[in-house]
Amino acid sequence: GINAEYMGFVPTLFELSFDLARRKLTCRRPAALRVASIGMWHNILISIIVVAIIINSAMIGFATLHLSQWFPYYYTPETLSDPSIRNPTIIPQYEFNVLLIVLVIEHSMGFLACLLYGLIPGTPSDVEKTIRTMEKESEKMAYRSLLLQVSQKTIVNNRKSISGAHRPLVLPPSPRSSPANELKIE
């Protein structure tokens, strides 16, 4: 016959499938909502960019060998010639010059970041085009709905009229249409 281990395996499969079904129903990711922007994350990302610019500029000036290779006369010759020294010593009379170079690097990177921020649009052009198209379609749908409501009211009013005579109803012009295209319903 059938071994006891196989008999214990079948209920375990059923239990796993029931657990999986229960988790699929109770542990769902929340539905995505459309929002106009990324909200507070925009300011957080800008802050991260500013901090990164400051830290990278300081690292270039004070923690790497780049500045000592570009401006070797600001550093002591003994520390430049020894390859075991990772951070050469700045000659005291040139400390202000090194700090000024670091500030120039920092400000130029900040200017470049601002320039890129201004040149790159926040919303891609194809997304803006799609949004404009959707807005036009919603305007058309709203106008059609208004036309339908007005025409239904006119029909009801015509049926309620005692004399049976009525005036033609002039509808408001459609958005983006000229007054010559006004519709008249009789």
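For the structure, see preceding data.
Conventions adopted
Residues numbered from 1 in each chain as written. Predicted model: local features only at pLDDT ≥ 70, side-chain atom pairs only at ≥ 80, totals over all residues. Heavy atoms only, no water. Helix = DSSP H or I, 4+ residues; strand = E, 2+ residues; numbered from the N terminus. Buried < 20%, exposed > 50% of the residue type's maximum accessible area, 1.4 Å probe, protein only. Contact = heavy atoms within 4.5 Å. Areas by Shrake-Rupley, 256 points an atom, 1.4 Å probe, with all protein chains shown as cover. Phe/Tyr/Trp six-rings, centres within 6.5 Å; stacked < 30°, edge-to-face > 60°. Core = buried A, V, L, I, M, F, W, Y, C linked by side-chain atoms within 4.5 Å. Patch = residues over 30% accessible without salt bridge, like charges linked within 9 Å, V, L, I, M, F, W, Y side chains within 5 Å. Salt bridge = Lys/Arg side-chain N within 4 Å of Asp/Glu carboxyl O. Lys, Arg positive; Asp, Glu negative; His and termini not counted. Charge placed at Lys NZ, Arg CZ, Asp CG, Glu CD.

A.B. asks: What exactly am I supposed to notice about the overall build of the protein here?
C.D. replies: A tally of helices and strands in the protein yields six helices and two strands. Going residue by residue from the N terminus, the α and β elements of the protein occur as α-α-α-α-α-α-β-β. Considering the protein as a whole, with its 186 residues, one finds that 12% of them fall into the buried category. Within the protein, contacts between residues separated by at least 24 positions form 44% of all contacts whose residues are at least 6 apart in sequence. Only carbon and sulfur atoms are counted for the fraction: they give 65% of the accessible area of the protein, which is about 15,700 Å².

A.B. asks: Help me understand the packing of aromatic side chains in this model?
C.D. replies: Each aromatic ring pair is summarised here by two numbers: the centre-to-centre distance and the angle between the ring planes. This structure, assessed with the given rule, holds four aromatic pairs. Summarising the aromatic geometry, the rings of Phe71 and Tyr74 are spaced 5.6 Å apart at their centres and angled 20° between planes, so their arrangement reads as stacked. With relative accessibility at 12%, the residue Tyr74 sits in the buried group. An aromatic cluster is defined as three or more aromatic residues linked by ring pairs; in this entry it consists of Phe71, Tyr73, Tyr74 and Tyr94.

A.B. asks: It is not clear to me how the side chain of Glu106 should be interpreted in this structure. Could you clarify?
C.D. replies: Among the structural elements, Glu106 can be located in helix 5 (residues 95-119). For Glu106, a relative accessible area of 18% gives the class buried. Setting aside its immediate chain neighbours within four residues, Glu106 contacts Ile53, Ile54 and Ser57.

A.B. asks: Please explain the environment of Tyr75 as it appears in this structure.
C.D. replies: Position of Tyr75 among the secondary structure elements: in the loop between helix 3 (66-70) and helix 4 (77-81). Between the alpha carbons of Tyr75 and Ile91 there is a distance of 5.2 Å; along the sequence they are 16 residues apart. For Tyr75, the contacting residues outside a window of four places in its chain are Gly61, Leu67, Ser68, Leu80, Pro88, Thr89, Ile90, Ile91 and Val98.

A.B. asks: I'm lost on the nonpolar core in this one. Help?
C.D. replies: Buried together is how nonpolar side chains tend to be arranged in soluble globular proteins. By size, the foremost hydrophobic cluster in this structure holds eight residues: Leu67, Tyr74, Tyr75, Ile90, Val98, Ile101, Val102 and Ile105. Residues contacting Ile90, with those up to four places away along its chain left out, are Tyr74, Tyr75, Glu95 and Val98.

A.B. asks: For this particular structure, what's the right way to read a positive patch on the surface?
C.D. replies: There is a patch of like positive charges on the surface, built from Lys129, Arg132, Lys136, Lys140 and Arg144. You can see Arg132 is positioned in helix 6 (residues 125-160).

A.B. asks: How should the pattern of salt bridges be read in this particular structure?
C.D. replies: For side chains bearing opposite charge, pairing can occur when the charged atoms are close. Applying the stated criterion across every chain yields a total of one salt bridge. In this structure, the salt-bridge partner of Arg22 is Asp19, at a minimum N-O distance of 3.4 Å. Of this pair, Arg22 and Asp19 both sit in helix 1 (residues 4-26), three residues apart, which is roughly one turn of the helix. Here Asp19 falls in the partly exposed class, since its relative accessible area comes to 27%.

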